[in-house]
Amino acid sequence: QVQLVESGGGLVQVGGSLRLSCAASGSSVSGNAMGWFRQAPGKQREFIARISSSGSINYADSMRGRFTISRDNAKNTMYLQMNNLKPEDTAVYYCKLEKWPRAYWGQGTQVTVSS
């Protein structure tokens, strides 16, 4: 059974940085496409970035430059490095693993950026 556990969220000031982690069990991060999404209160879930099984990466246009997705195959963990955080980055951040025909989601981790 695939399980994803996010961590690394918290309260940070404007301009600060956080690194989110998504630890996978039941499947390998290297063998599947994975991604990061976020959902702010009252808004739809929003795509941030995706890394394919081959390592190809794509970002939402609005996220490119401040956010970096990566993975550590040995630790079976995916990461999201977030820099120069802004109040509008406040949201619950989720990781997703694509294992056809299903998609698996973590429980989310809260990121709050204070001004």
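So, a few notes on the structure that sits alongside this text.

About the criteria used
- Residues numbered from 1 in each chain as written.
- Predicted model: local features only at pLDDT ≥ 70, side-chain atom pairs only at ≥ 80, totals over all residues.
- Heavy atoms only, no water.
- Helix = DSSP H or I, 4+ residues; strand = E, 2+ residues; numbered from the N terminus.
- Rg over C-alpha atoms; globule rule 2.2 N^0.38 Å.
- Buried < 20%, exposed > 50% of the residue type's maximum accessible area, 1.4 Å probe, protein only.
- Contact = heavy atoms within 4.5 Å.
- Areas by Shrake-Rupley, 256 points an atom, 1.4 Å probe, with all protein chains shown as cover.
- Lys, Arg positive; Asp, Glu negative; His and termini not counted.
- Charge placed at Lys NZ, Arg CZ, Asp CG, Glu CD.
- Disulfide = S-S within 2.5 Å.
- Pairing = 2+ DSSP bridges.

## Describing the overall build of the protein
Line of reasoning, step 1. Within the protein, the regular secondary structure consists of zero helices and 11 strands.
Line of reasoning, step 2. For the protein, the succession of helices and strands along the chain, N to C, is β-β-β-β-β-β-β-β-β-β-β.
Line of reasoning, step 3. Whereas a compact globule of 115 residues would reach a radius of gyration of roughly 13 Å, the protein reaches 13 Å, a difference of no more than 12%.
Line of reasoning, step 4. Out of the 115 residues belonging to the protein, those deemed buried represent 43%.
Line of reasoning, step 5. Within the protein, contacts between residues separated by at least 24 positions form 52% of all contacts whose residues are at least 6 apart in sequence.
Line of reasoning, step 6. Entry remark: accessible area of the protein is about 6,000 Å², with carbon and sulfur atoms responsible for 46%.
Line of reasoning, step 7. Taking the average place of the 13 positive charges on the side chains of the protein and the average place of its 7 negative ones, the gap between the two points comes to 4 Å.

## Considering the state of the cysteines
Line of reasoning, step 1. Scanning the entire structure with this criterion turns up one disulfide.
Line of reasoning, step 2. Across the disulfide from Cys22 sits Cys95; the S-S distance is 2.1 Å. Across the disulfide from Cys22 to Cys95, rotation about the S-S bond amounts to roughly 60 degrees, and the bridge is consequently right-handed. With a gap of 73 residues between them, Cys22 in strand β3 (residues 18-25) and Cys95 in strand β9 (residues 91-99) connect regions that are remote in the sequence.
Line of reasoning, step 3. A relative accessible area of 0% means that Cys95 is categorised as buried.

## Let's talk about the pairing of β9
Line of reasoning, step 1. Sheet analysis places strand β4 (residues 33-39) next to β9, joined by seven bridges and oriented antiparallel. Across the sheet, residue Met34 finds its bridge partner in β9, namely Leu97.
Line of reasoning, step 2. Relative to strand β11 (residues 109-114), β9 runs antiparallel, the two being bridged by three bridges. The residue bridging Val92 from the neighbouring strand is Gln110, located in β11.
Line of reasoning, step 3. Where β9 lies against strand β10 (residues 102-105), four bridges are found, and the strand directions are antiparallel. Considered in β10, the bridge of Leu97 is made with Tyr104.

## So, unusual backbone geometry
Line of reasoning, step 1. Residues Trp100 and Pro101 are joined by a peptide bond in cis, for which omega reads 5 degrees.
Line of reasoning, step 2. Mapped onto the elements, Pro101 comes out in the loop between β9 and β10.
Line of reasoning, step 3. Although it is not a glycine, Asn76 adopts a positive phi angle of roughly 55 degrees.
Line of reasoning, step 4. Classification of Asn76 by relative accessible area gives buried; the value is 18%.

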